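Residues per chain are reported as follows:
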Amino acid sequence: MSNKFTKLWDHKTLDPQSLVVEVGRVNDMSPRQIAKMYETVNLYGVAILQHAPRPGQTVEELVDLGRLFGNSVVHDRADERGLVVVAELSGYGEFVGASSGPHLMHTGGTFMPWKDVPRIVLLQCEKQSRIGGRSMLASGASAFRYLKHHEPEALKLLMDPQVFSIKRSARGVGQFANTGVTGKAVFDTQQLENGNLWLTFRFDGEIKLDIQPDAAVEAFDKLLNYFNRSESQIDFKLQPNQIMICDNTSVVHARTAFQAGSGRKLNRLQLDGVGIKELHWGFPQPS
Ligand SMILES: [Fe+2]
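Before going into details, it helps to say that this report is about the structure given with it. Everything quoted here is computed from the prediction, not taken from an experiment.

### Some remarks on the overall build of the protein chain
Okay, step 1: The number of helices and strands found in the protein chain is five helices and 15 strands.
Okay, step 2: Against the compact-globule benchmark of 19 Å for 287 residues, the protein chain has a radius of gyration of 18 Å, which places it among compact chains.
Okay, step 3: Along the first, second and third principal axes, the C-alpha atoms of the protein chain reach 55 × 45 × 35 Å.
Okay, step 4: The buried share of the protein chain, reckoned over its 287 residues, is 43%.
Okay, step 5: Contacts spanning at least 24 positions in sequence make up 81% of the contacts within the protein chain whose residues lie at least 6 apart.

Structure, rendered in structure tokens:
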């Protein structure tokens, strides 16, 4: 275990520009470029791949990149390759991912059992909105350190393996379906094989969240407040031919609202990370 990969950062200490790894076509990446990409993800829990797809091959490049992060994780809006288009879609109004509204800080697949949660989220930009649509990220390790020093009681509650249960909304129906899980910690100490902490977090009106005990609701609020502060976040606008690589075990991501009807289009692929020995999941307990 390397303690070099603390994934501790905030607005002051991490310049999004330093996350960019420039390559040509994904399949032509050199071993050095691949190593730099993994190293960046291990250091910060996020990297931005700047790639140069052949015309008409954009989404294929995302699928190619996915192979470097394991097997794709099934989602009910995904095609057979696991791809999900993140754009405004009619008929999916209950999915925040299919609207132009803001998306609060969260980890992907929070409502899934631990074994099914994607460890990597890839987000590829095809077309941006002229207004809005910025990406925001915050570090779970920095949030943990903050709570440890300022809100130790809240942190204790958030580390309880039964602190929340969650269900997500059903496709095409405005109700909460059976997809869900009973009993998870926000900062889990048991699930990762390397002894690191695993962050899993969602706190918005789109899902059905049951938080126990009552006092833990305030702890969730404190954590969301931490993530929402501009000092905690890096923020940038993903550009066409960029793919954001998120370590879903250690960072939360969010998006600002964008212009309705702008044609903004992103492609998403979620991977299980299985067999990718280069990656260090989660983060060591910060002091
Ligand atoms: Fe997401």
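Read on, since the account is not over.
### Regarding the nonpolar core
Okay, step 1: Counting 71 residues, the largest nonpolar core has Val46, Ala47, Leu49, Leu122, Leu158, Leu223 and Ile245 as the members making the most contacts within it.
Okay, step 2: In contact with Ile245, other than residues within four places in its own chain, are Val41, Val46, Ala47, Leu49, Ile120 and Leu122.

### Describing the sheet that holds strand E6 (residues 135-139)
Okay, step 1: The four strands are arranged E4-E14-E6-E12 in an open sheet whose pairing can be described as antiparallel. If you trace the sheet from one side to the other, it starts and ends with strand E4 (103-106) and strand E12 (233-236), each paired once. Along the sheet, successive strands turn relative to each other by an average axial angle of 15°, direction set aside.
Okay, step 2: The pairing of E6 with strand E14 (residues 251-255) spans five bridges and is antiparallel. Among the inter-strand pairings, Ser135 is bridged to a residue of E14, identified as Arg255.

### Some words on helix H1 (residues 31-44)
Okay, step 1: Here H1 contains 14 residues, and its C-alpha end-to-end distance of 20 Å stays within 8% of the 20 Å for a straight helix at 1.5 Å per residue.
Okay, step 2: Turning to H1, its buried residues number three or more, namely Met37, Tyr38, Val41, Asn42 and Tyr44.
Okay, step 3: Gly45, located one to two residues past H1, shows a positive phi value of around 80°.

### A closer look at unusual backbone geometry
Okay, step 1: The omega torsion across Gln212 and Pro213 is -10°, close enough to zero to call that bond cis.
Okay, step 2: The residue Lys7 is not glycine, and still its phi comes out positive at about 55°.
Okay, step 3: For Lys7, the position within the fold is in the segment before strand E1 (20-22).
Okay, step 4: Backbone geometry places Asn241, a non-glycine residue, at a positive phi of 75°.
Okay, step 5: On the secondary structure map, Asn241 appears in the loop between E12 and strand E13 (242-247).

### Quick look at helix H2 (residues 58-66)
An α-helical turn contains 3.6 residues, so a residue and the one three or four places further along point in the same direction.
Okay, step 1: Of all the residues in H2, the buried ones are Glu61, Leu62, Leu65 and Gly66. The arc that holds the buried residues of H2, viewed along the axis, is 145°, so those residues lie on one side.
Okay, step 2: In this fold, the buried residues of H2 make contact with strand E2 (46-50), strand E5 (120-127), E13 and strand E15 (265-271).

### Topic: the sheet that holds E2
Okay, step 1: One open sheet holds the six strands; their spatial order is E1-E2-E13-E5-E15-E3, and the pairing between them is mixed. If you trace the sheet from one side to the other, it starts and ends with E1 and strand E3 (84-86), each paired once. Recorded for the sheet is a direction-independent mean angle of 25° between the axes of neighbouring strands.
Okay, step 2: Across the sheet, H1 is in contact with E1, E2 and E13; its angle to E2 comes to roughly 150°.
Okay, step 3: Of the strands in this sheet, E2, E5, E13 and E15 are in contact with H2, which crosses E15 at around 20°.

### Remarks on the environment of Asn248
Okay, step 1: Here Asn248 shows up in the loop between E13 and E14.
Okay, step 2: Judged by C-beta crowding, with 26 C-beta atoms within 10 Å, Asn248 ranks as buried.
Okay, step 3: Between the C-alpha atoms of Asn248 and Pro118, which are 130 residues apart in sequence, the distance is 6.8 Å.
Okay, step 4: Not counting residues within four places of it along the chain, the set of residues in contact with Asn248 comprises Thr107, Gly108, Pro118, Arg119, Ile120 and Val121.

### With respect to the environment of Ala185
Okay, step 1: Within the secondary structure, Ala185 is located in the loop between strand E8 (176-184) and strand E9 (187-188).
Okay, step 2: Residue classification places Ala185 among the buried residues on the basis of 20 C-beta atoms within 10 Å.
Okay, step 3: Each C-alpha atom of the pair Ala185 and His51 lies 36 Å from the other, and the pair is 134 residues apart in sequence.
Okay, step 4: Not counting the four nearest positions on each side in its chain, Ala185 is found in contact with Leu158, Met159, Asp160, Pro161 and Val163.

Here is what the cut-offs are and how they apply
- Residues numbered from 1 in each chain as written.
- Predicted model: local features only at pLDDT ≥ 70, side-chain atom pairs only at ≥ 80, totals over all residues.
- Helix = DSSP H or I, 4+ residues; strand = E, 2+ residues; numbered from the N terminus.
- Rg over C-alpha atoms; globule rule 2.2 N^0.38 Å.
- Buried ≥ 20, exposed ≤ 12 C-beta atoms within 10 Å, placed from the backbone.
- Contact = placed C-beta atoms within 7 Å.
- Core = buried A, V, L, I, M, F, W, Y, C linked by C-beta atoms within 7 Å.
- Pairing = 2+ DSSP bridges.
- Axes fitted to C-alpha atoms, helices over the stretch in contact; angles between N-to-C directions.
- Expected span 1.5 Å × (residues − 1).
- Arc of directions from axis to C-beta.

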